[in-house]
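# Coordinate inspection notes
Each chain is listed here by its residues.
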There are 4 protein chains.
Amino acid sequence: MDKIKIGVLGATGMVGQTIINMLANHPWFIVTEVAASERSAGRTYEEVMERRWNISPQIPEYARKLKVKECAPGLDCEIVLSALDSSVAGGIEEQFAQAGYAVSSNAKNHRMDSDVPLIIPEINADHLELIKKQKKSRGWKGFIVTDPNCSTIELCIALKPLQDKFGLEKVMVTTMQAVSGAGYPGVPSMDMIDNVMPYIGDEEEKVQTEPLKILGTMSAGDVKPLNAKFSAQCNRVAVRYGHMECVSIKLSKKASEKEIIAAFEGFHPLNDTRLPTAPKRPIVYLRNYDRPQPKLDVNAEGGMACSVGRLRPCNILDYKFVVLGHNLVRGAAGAAILNAELLKAKGYIGK
Amino acid sequence: MDKIKIGVLGATGMVGQTIINMLANHPWFIVTEVAASERSAGRTYEEVMERRWNISPQIPEYARKLKVKECAPGLDCEIVLSALDSSVAGGIEEQFAQAGYAVSSNAKNHRMDSDVPLIIPEINADHLELIKKQKKSRGWKGFIVTDPNCSTIELCIALKPLQDKFGLEKVMVTTMQAVSGAGYPGVPSMDMIDNVMPYIGDEEEKVQTEPLKILGTMSAGDVKPLNAKFSAQCNRVAVRYGHMECVSIKLSKKASEKEIIAAFEGFHPLNDTRLPTAPKRPIVYLRNYDRPQPKLDVNAEGGMACSVGRLRPCNILDYKFVVLGHNLVRGAAGAAILNAELLKAKGYIGK
Amino acid sequence: MDKIKIGVLGATGMVGQTIINMLANHPWFIVTEVAASERSAGRTYEEVMERRWNISPQIPEYARKLKVKECAPGLDCEIVLSALDSSVAGGIEEQFAQAGYAVSSNAKNHRMDSDVPLIIPEINADHLELIKKQKKSRGWKGFIVTDPNCSTIELCIALKPLQDKFGLEKVMVTTMQAVSGAGYPGVPSMDMIDNVMPYIGDEEEKVQTEPLKILGTMSAGDVKPLNAKFSAQCNRVAVRYGHMECVSIKLSKKASEKEIIAAFEGFHPLNDTRLPTAPKRPIVYLRNYDRPQPKLDVNAEGGMACSVGRLRPCNILDYKFVVLGHNLVRGAAGAAILNAELLKAKGYIGK
Amino acid sequence: MDKIKIGVLGATGMVGQTIINMLANHPWFIVTEVAASERSAGRTYEEVMERRWNISPQIPEYARKLKVKECAPGLDCEIVLSALDSSVAGGIEEQFAQAGYAVSSNAKNHRMDSDVPLIIPEINADHLELIKKQKKSRGWKGFIVTDPNCSTIELCIALKPLQDKFGLEKVMVTTMQAVSGAGYPGVPSMDMIDNVMPYIGDEEEKVQTEPLKILGTMSAGDVKPLNAKFSAQCNRVAVRYGHMECVSIKLSKKASEKEIIAAFEGFHPLNDTRLPTAPKRPIVYLRNYDRPQPKLDVNAEGGMACSVGRLRPCNILDYKFVVLGHNLVRGAAGAAILNAELLKAKGYIGK
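Residues numbered from 1 in each chain as written. Chains lettered and ligands numbered in written order. Predicted model: local features only at pLDDT ≥ 70, side-chain atom pairs only at ≥ 80, totals over all residues. Heavy atoms only, no water.

### Some details on the relation of the copies chain A and chain B
- Taken as rigid bodies, chain A and chain B are interconverted by a rotation of 180 degrees and an axial shift of 0.0 Å, the fit giving an RMSD of 0.0 Å. Each copy turns onto its partner about a two-fold axis.
- Comparing contact sets, 100% of the residues at the interface of chain A also lie at the interface in chain B, consistent with an isologous, same-surface contact. (Least-squares fit on C-alpha atoms with pLDDT ≥ 70 in both. Contact = heavy atoms within 4.5 Å.)

Below, the structure is given as structure tokens:
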């Protein structure tokens, strides 16, 4: 099989760099194009990144000599992964879809559009059905698929098996999010040394609304949102990678702690699909009294698993627990890649 | 007026040091005794603290030459402030009370005893009535008064005006607590650099139970606990001073944001009492979108005020907000001092 | 006496904010003008700083309603303190000097000009003599006086008494500098959490060259640089305020540890001048085995004193020690203010 | 070939844990014994470490069921790796050596003994010759080999090729050391958040004396120390893993930057020996302007390589550079393992 050609839009940011790293030696995909803003275009990726590459010791060999292009159709690839900033992502992604490209986007712009799938492959692969509607209504040859906000992804993964087994009514979550979530340069050191920032722009709204779509059901060609209530408080803390979330939930049916842990540990929805980037265990339940912790658990299953721990009764809702996910891997770069893999497995690309 | 003689039990720890600092030049009190473990006893405070004083540039002049004594009755003072570790506090405080001393304790041991007042002067000064019962039932010449856990104090101060005006039914709180709350050496750097610890021993239980007593009402000589539900998730973050708390509340009556802020800002219960350490404003409400923050707000009113911000509706309960308090000052040393001042103002000491 | 009118150029940055804070209630000066970039001009300081003020809980009352102006002559003041970025400082400061203003600059642009004084009042007040030459050669009605780089200032203060008493031949210094030295947003959190940055642009060159001018002597109207060698290695560490410097020195004459400490502690060059912002002790020598430390010592004498400790023999040069100074106060805002005070005391302004 | 049986003394500390991790699947060695203090003895390693394992997500499978023994001869192994605290290491190691065991120690106690090799395999494998003398003079059936202090190791590795090619006369070094160097719990968070500690007990002395022995030459059965001068200033900074060192050196011969970098990059002394844990490149020279950094470079070659960068002329000595090494791997656990591998390769064990 020839590998599918991939372009990376916004290849110079932290999410873009992480995509570049994760796609080295990918069994299905090959990065043929890296694109960024106009001022980077024309030089090699290596030249552009000389003072900007900062997520690993060095740029993967394969990407060094790629010529950086502008973010506009004309790229030699079948699918683009978009790690663009939301200030520009909307229009650019539309241009690519119109021009016939598949777009797997990490940007927020189209997530809540009613004809755009907002996908976590372990949860709602069937929402890809929206693509047909999208292409038709917009008259596009290509299409856009999105992945959720980083905090939303790990939350939804932890919730999905509970929703399936016990029904989900209320979810309260307080996050303690890593600085890499804000990109680079992102959060100033002055705000993080000996400090907590109790505010992240737009974040609470995303965490309160995206899950309803993700955990919703396809019905007559549309996503019918989950009938549940989410409330979020989002904070930034002095951690590089890994968003911690303290979650309280109200379920529809009674469930014992044992049953809930069994649901977490029995959650293997992609075992048949064999997507290369999918973790064997999307949820790793930790029995230690003080876990998960970013320093120990953020890289579980290459950063693609969510670590859950400290399940215990809640005096107000039913249960509380803590969930941790790698915001750049599971929450962004890996999410866009996994969606691309799903598109391939389902025959939307690579035919 | 002669100043009232005070002894500090556990004077070498971080809370003890903070008490020593706060009592320099106190208008009502004079520290005449510093007491600590057997191995420190016999040397001057300055000698004992040479390699241990670590909360300010230097030991206050007045305390340097005080001889460190063992923590046993016989001290030349009328009241002792106990900053003892809970592993030893219980018995020692009882000995002092039995021997006729007033004890203002920061330790958890006696907080929930039905005949021991658990006091925040702005909230439940009337609970001092328990002292009479305590002395009688225990046959003590002295008595014990306690202050709450550090996280509990700032939470209750923020809640009290809401309870008074609108009734309080449910409180969910997720804390992000400073390392000084664990004393010194306390939390290892290995656990705090680039990390969050989602567990603090005993803390959630304290935050869930102590408020019910503090916010309860005196009834026939006993404290009738508040009929409300508290649920807490407690985390340790890389901050030196200041516990941040993300709170969601359900009230009995409808209240607008404006009314709630007015309640916060109108909360001045001690204005008549004129306790020297009491903050003018126990609650400082901040209108900035990203406040409170430890780096900016922890020292509000000398560390004795709680800073509240980000009031907004909650999708599940009624409202959410963030509260910050200085755990060592408002949450420990200052709490024990303020209780001692209340005891003086109410005539329990210094007659 | 009427207060002297001061304008602050670059009033919105961290150094500018610190100047605004330090000049509240100044006995000699009154801030009448705040100036910044074109896009800030026209609004009140309060409006401009709503989301940018971040060095203290709130903007001093006096500055809130000041109208922000552009950085161009025409301001109603006698002297301007320049906290401008070096990318624009050079030309703007010249315009002000030409237009008759006294300029006390914190920018690097003119520091090494042969006719511009580079002043630390405790060290080389006599270098103000260059002003005459400067005005003459440039045909300006006003003039520019500069203060040194933040790391340079504390180093030179520690060295001056040793130079005076024992002669100074070689100075090796390795710095561990606070992030506030890079302004705001400045150093990204991604670079400081669990990390050290072994590079600060231009810094080593400044530390190696500026001291030679500062510690030089006036000779026939020019500064004759000190004949000594400086070598610097500069690092950024996860500290908010306070540059730490590990220094090794070679002296011309033999000196005992006792004599050196006596030199540090006997250094009171400004006692006659009574400049309001001058610290009583420019150098605080600490005898503790593990000091100075930023957390304990950065605010010595309101941040205007340098803390020195750990004097011990060096196997290669003569002695080693550690020095700490508050980079924003002693190293920038306070330096510009102190120079302005010196100008007043010496009759250059406020006549 | 049967694997050589290894015991780990002090298996519960951070260095011990790192040894346990690094020896999983070792081609030559098998851990048959884990030993620790009396109070741990008798339980399985898993039980003992339940709340103490903290350097990786989980204990390697192979070690879980090992029974923890006391640190006394009688263990079923040929060699012991000692990660004991220096307060007890001295005597225990002697007992093992006397009883016929080979001891590869990470403790400081015997490092400077004239008959004990202080070994970095890349540098002074020939010093193993001291073993014969040691066994004879002490009448032991076994023997002790030591590895140096963590800061010393990376410094000496960086210096060795320069010594070989150009001669080494003076070395000044200022360190910024990671907290893991102090073990666990080790450095309190209160001392590291927003702070630098300019003191590490005993460290400067170790860095000033150990290199002279390591870089010395065997002469008539004794180590003749290097005739050079070292001066060190040691600091603790808020980094988990990786000691940074700013080094200035004076060489005997003139050398260009190019020649020095060539010396760094051409340093492959163990290529013939093929020790399993030896890095291919003991020194990785980085050409980036801002490297090495702990966050990017600490794990070079599995943590066994030292990263060097920023070579530039020094105004006082000849050159300056920065070196970074993983203190727990290259500087402790890996050092003891590499020495054990050298003992095997040279026929001292595993005959």
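### Observations regarding the pattern of salt bridges
- Applying the stated rule across the entire model yields 76 salt bridges over all chains.
- Among the ionic pairs, Arg330 of chain A bridges to Glu122 of chain A, the shortest N-O distance being 2.7 Å. Of this pair, Arg330 of chain A sits in helix α11 (residues 329–345) while Glu122 of chain A sits in helix α4 (residues 121–124); the two residues are 208 residues apart in sequence, bridging distant segments of the chain.
- Looking at Glu122 of chain A, the relative accessible area reads 4%, which means it is buried.
- Here Asp222 of chain B ties to Lys133 of chain B by a salt bridge, and the two come within 2.1 Å at their closest N and O atoms. Pair noted here: Asp222 of chain B is in strand β9 (residues 222–224) and Lys133 of chain B is in helix α6 (residues 130–138), with a separation of 89 residues, a long-range link.
- Using a relative accessible area of 34% as the deciding quantity, one classes Asp222 of chain B as partly exposed.
- Connected through salt bridges with shared partners, the residues Glu46, Glu61, Arg64 and Lys65 of chain A form a single ionic network. (Salt bridge = Lys/Arg side-chain N within 4 Å of Asp/Glu carboxyl O. Helix = DSSP H or I, 4+ residues; strand = E, 2+ residues; numbered from the N terminus. Buried < 20%, exposed > 50% of the residue type's maximum accessible area, 1.4 Å probe, protein only.)

### As for the packing of aromatic side chains
Residues and elements named next belong to chain A.
- Applying the stated criterion to the full structure yields 28 aromatic pairs over all chains.
- Ring centres 6.0 Å apart and planes at 65 degrees place the aromatic pair Phe143 and Tyr348 in the edge-to-face group. Taken as a pair, Phe143 in strand β6 (residues 143–146) and Tyr348 in the segment after α11 lie far apart in primary sequence, 205 residues in all.
- With relative accessibility at 27%, the residue Tyr348 sits in the partly exposed group. (Phe/Tyr/Trp six-rings, centres within 6.5 Å; stacked < 30°, edge-to-face > 60°.)

### Some details on the interface of chain D and chain B
- Between chain D and chain B, the residue contacts involve 19 residues of the former and 19 residues of the latter.
- Buried area between chain D and chain B, both sides added, is near 1600 Å², and the carbon and sulfur share of it is 63%.
- In terms of surface lost to chain B, no three residues of chain D exceed Met190, Ile193 and Arg240 of chain D, which account for 45% of the buried area on that side.
- On inspection of chain D and its partner chain B, the count reaches zero salt bridges.
- Counting across the chain D and chain B interface gives eight residue pairs in polar contact (both at pLDDT 80 or more). (Buried area = accessible area lost by both parts, 1.4 Å probe. Polar contact = N/O pair within 3.5 Å; in protein donor to acceptor, adjacent residues only side chain to side chain.)

### Considering the packing of helix α7 (residues 150–166) of chain B against helix α9 (residues 203–214) of chain B
Residues and elements named next belong to chain B.
- Interhelical geometry of α7 versus α9 gives an angle of 45 degrees and a closest axis separation of 9 Å. With respect to α9, the element α7 is oriented oblique. Two packed elements cross with a definite hand, and for α7 against α9 that hand is right-handed. Residues Cys150, Ser151, Thr152, Leu155 and Cys156 of α7 touch α9, and the partners they reach there are Glu203, Lys206, Val207, Glu210, Pro211 and Ile214.
- Here the contact of α7 with α9 is composed, by residue class, of six nonpolar, two polar and three charged. (Axes fitted to C-alpha atoms, helices over the stretch in contact; angles between N-to-C directions. Parallel < 35°, antiparallel > 145°, perpendicular 65-115°, else oblique. Left-handed = near helix turned anticlockwise from the far one by under 90°. Nonpolar A, V, L, I, M, F, W, Y, C, P; charged D, E, K, R; others polar.)

### Section: the sheet that holds strand β10 (residues 229–236) of chain D
Residue and element names in this part refer to chain D.
- Here we have six strands laid out as an open sheet, ordered β10-β7-β11-β14-β13-β12, and mixed in their pairing. At either end of the open sheet lies a strand with only one pairing partner, and these are β10 and β12 (283–286). Between one strand axis and the next, the sheet turns by 20 degrees as a mean value, whatever way the strands run.
- Relative to β10, strand β7 (residues 168–177) is paired through eight bridges, and the arrangement is parallel. Considered in β10, the bridge of Thr174 is made with Gln233.
- The strands that helix α8 (residues 203–214) touches are β7 and β10; relative to β10, the one it contacts most, it runs at about 145 degrees. (Pairing = 2+ DSSP bridges.)

### Some remarks on the sheet that holds strand β12 (residues 283–286) of chain A
Residues and elements named next belong to chain A.
- Pairing within the open sheet is mixed, and its six strands lie in the order β10-β7-β11-β14-β13-β12. Strand pairing shows two members of the sheet lacking a second neighbour, β10 (229–236) and β12, which therefore form its edges. Averaged over all pairs of adjacent strands, the angle between their axes in this sheet comes to 20 degrees, without regard to strand direction.
- Seen against the sheet, helix α6 (residues 150–166) touches β7 (168–177), β10, β11 (243–251), β12, β13 (306–313) and β14 (319–325) and runs at an angle of roughly 30 degrees to β11.
- In the packing of helix α9 (residues 257–265) onto the sheet, the strands contacted are β11, β12, β13 and β14, and the crossing angle to β13 comes to about 170 degrees.

### A look at the confidence of the model for chain A
- The predicted model of chain A has a mean per-residue pLDDT of 97, with 100% of residues at 70 or higher.
- If you check the scores for this complex, the pTM reads 0.97 and the ipTM reads 0.97. (pLDDT = per-residue confidence, 0-100.)

### Observations regarding the relation of the copies chain D and chain B
- Overlaying chain D with chain B gives an RMSD of 0.0 Å, the required rotation being 180 degrees about an axis along which the chain moves by 0.0 Å.
- The residues that chain D uses at the interface reappear at the interface of chain B in 100% of cases, marking a shared surface.

### Here's the deal with the interface of chain A and chain B
- Each partner contributes residues to the interface: chain A has 47 residues there, and chain B has 47 residues.
- For the chain A and chain B pair, buried surface summed over both sides reaches about 3800 Å², with 56% attributable to carbon and sulfur atoms.
- Three residues stand out in chain A for area buried against chain B, namely Asp194, Gln233 and Ile316 of chain A, and they jointly supply 17% of the buried area on that side.
- Linking chain A to chain B there are six salt bridges.
- With a shortest N-O distance of 2.8 Å, Glu204 of chain B and Arg312 of chain A are connected by a salt bridge.
- Taken together, chain A and chain B are joined by 29 residue pairs in polar contact (both at pLDDT 80 or more).
- Every element with two or more residues in the side of chain A that touches chain B is listed here: β7, α7 (189–192), α8 (203–214), β10, β11, α10 (294–297), β13 and β14 of chain A.
- If you tally residues by element for the side of chain A that touches chain B, the top one is β10 of chain A, at seven residues.
- Each residue belonging to the side of chain A that touches chain B can be placed in one class, and the counts come to 26 nonpolar, nine polar and 12 charged.

### Points about the pairing of strand β13 (residues 306–313) of chain D
Residues and elements named next belong to chain D.
- Where burial is concerned, most of β13 is hidden: seven out of the eight residues are buried.
- As paired elements, β12 and β13 share four bridges and run parallel to each other. Among the inter-strand pairings, Leu286 is bridged to a residue of β13, identified as Gly309.
- The hairpin formed by β13 and strand β14 (residues 319–325) contains five residues between the paired strands.

### A closer look at empty space enclosed by the protein
- A full pass over the atoms with the stated rule returns four cavities of 30 Å³ or more.
- Empty space within the largest cavity amounts to approximately 230 Å³.
- Within the lining of the largest cavity, the residues separate by chemical class into 12 nonpolar, three polar and four charged. (1 Å grid on protein atoms, 1.4 Å probe; cavity = no way out; pocket = protein on both sides within 12 Å on 5 of 7 lines; lining within 4 Å. Points joined across faces, edges and corners; volume = space filled by probe spheres on them.)

### A few points about unusual backbone geometry
- Looking along the chain, the bond that leaves Arg291 of chain B and enters Pro292 of chain B is cis, with omega of 5 degrees.
- Note on placement: Pro292 of chain B falls in the loop between β12 (283–286) and α11 (294–297).
- Looking along the chain, the bond that leaves Tyr184 of chain C and enters Pro185 of chain C is cis, with omega of 5 degrees.
- With respect to the secondary-structure elements, Pro185 of chain C resides in the loop between β7 (168–177) and α7 (189–192).
- Even without being a glycine, Asn25 of chain B presents a positive backbone phi close to 65 degrees.
- Checked against the element boundaries, Asn25 of chain B lands in the loop between α1 (14–22) and β2 (29–36).
- A residue is classified by how much of its surface remains accessible, and Asn25 of chain B, at 75% relative accessible area, is exposed.

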